[in-house]
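Architecture and fold: a report
Now for the letters of each chain:
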Amino acid sequence: MRQEAQRLTSLVQDLITLSRIQAAEPMPDPHRVNLDAVVAEAVDRCRMRATARGITLASVGTRGLAVRGDEDLLVTALRNLLENAVAYSPERTRVVVSTKRLTDGTAELSVADQGIGIPERDLERIFERFYRVDPARSRATGGTGLGLAIVKHVMAAP
């Protein structure tokens, strides 16, 4: 019961987050956000789950980058990417968050894992709410099916 209660709590929290992002209400005014702080917070929030599976979380790349946005939403988006990477990676592997400055002055943040990958036929659909590449694994991975939809809408928010 405790596990199912936690799944339900996560689902409700994700639905609230997604509703807030998609609402007609204006998002909080974007402000300068330090990517180092976003990465550190998201990695910290995922560390216990990763450690339980023997997965090492690491961050590499350019330090001191900043973007305009909402820090809490950026942490939520990165945390969702990291949780997916941990859930779909083999035990005793590594998940890496990378940051770098692009030639046009923008910042790039990426997550790389050693997981099973996403079949090409599913790439266009993975950001849909509740879409699962492998529905049979949904209970085993423990996700809500909303994480990548949240990532998509955070990145698309003005």
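Rules and cut-offs
Position numbers for residues count from 1 along each chain, tracking the sequence in the order it is written. Local features in this predicted model are restricted to residues whose pLDDT is 70 or higher, and side-chain atom pairs enter the listing and the counts only when it is 80 or higher, whereas totals over whole chains, interfaces and linings include all residues. Hydrogens and waters are ignored; side-chain quantities use all the structure's heavy atoms. Buried Ala, Val, Leu, Ile, Met, Phe, Trp, Tyr and Cys residues that are joined via side-chain atoms within 4.5 Å together make up what is termed a nonpolar core. Residue burial is assigned from relative accessible area. The probe radius is 1.4 Å, only protein chains are included, and a residue is buried under 20% of its type maximum, exposed over 50%, and partly exposed in between. Elements are defined by DSSP. Helices are runs of H or I of four residues or more, strands are runs of E of two residues or more, and each kind is numbered from the N terminus. Pairs of residues are marked as contacts when any of their non-hydrogen atoms sit within 4.5 Å. A helix is expected to span 1.5 Å for every residue after the first. Bend is computed residue by residue as the angle between axes fitted to the seven residues ending at the residue and the seven residues starting at it. Think of a polar contact as two N or O atoms within 3.5 Å of one another; within protein, one of them needs to be a possible hydrogen donor and the other a possible acceptor, and neighboring residues in sequence only count if both atoms come from side chains.

**Re the nonpolar core**
By size, the foremost hydrophobic cluster in this structure holds 30 residues, and its most contacted members are Val 38, Leu 57, Leu 78, Leu 82, Val 95 and Val 154. For this core, the secondary structure elements donating two or more residues are α1 (2-22), α2 (35-52), α3 (71-87), β4 (94-101) and α5 (147-156). If near-sequence neighbours (up to four positions away) are discounted, Leu 57 is found in contact with Val 43, Cys 46, Arg 47, Ala 50, Val 86 and Val 95.

**Brief notes about α2**
Turn by turn, an α-helix covers 3.6 residues, leaving residues three or four places apart pointing in a common direction. Spanning 18 residues, α2 covers 26 Å between terminal C-alpha atoms, matching the ideal 26 Å at 1.5 Å per step. Along its length, α2 reaches its greatest deviation from straightness, about 45°, at Cys 46. Inspection of α2 places Leu 35, Val 38, Val 39, Ala 42, Val 43, Cys 46 and Ala 50 among the buried residues, and these make up the whole buried set. In this structure Asn 34 caps α2, since a side-chain oxygen of it lies 2.6 Å from the backbone nitrogen of Asp 36. Phi for Gly 54, located one or two positions after α2, is positive at around 75°.

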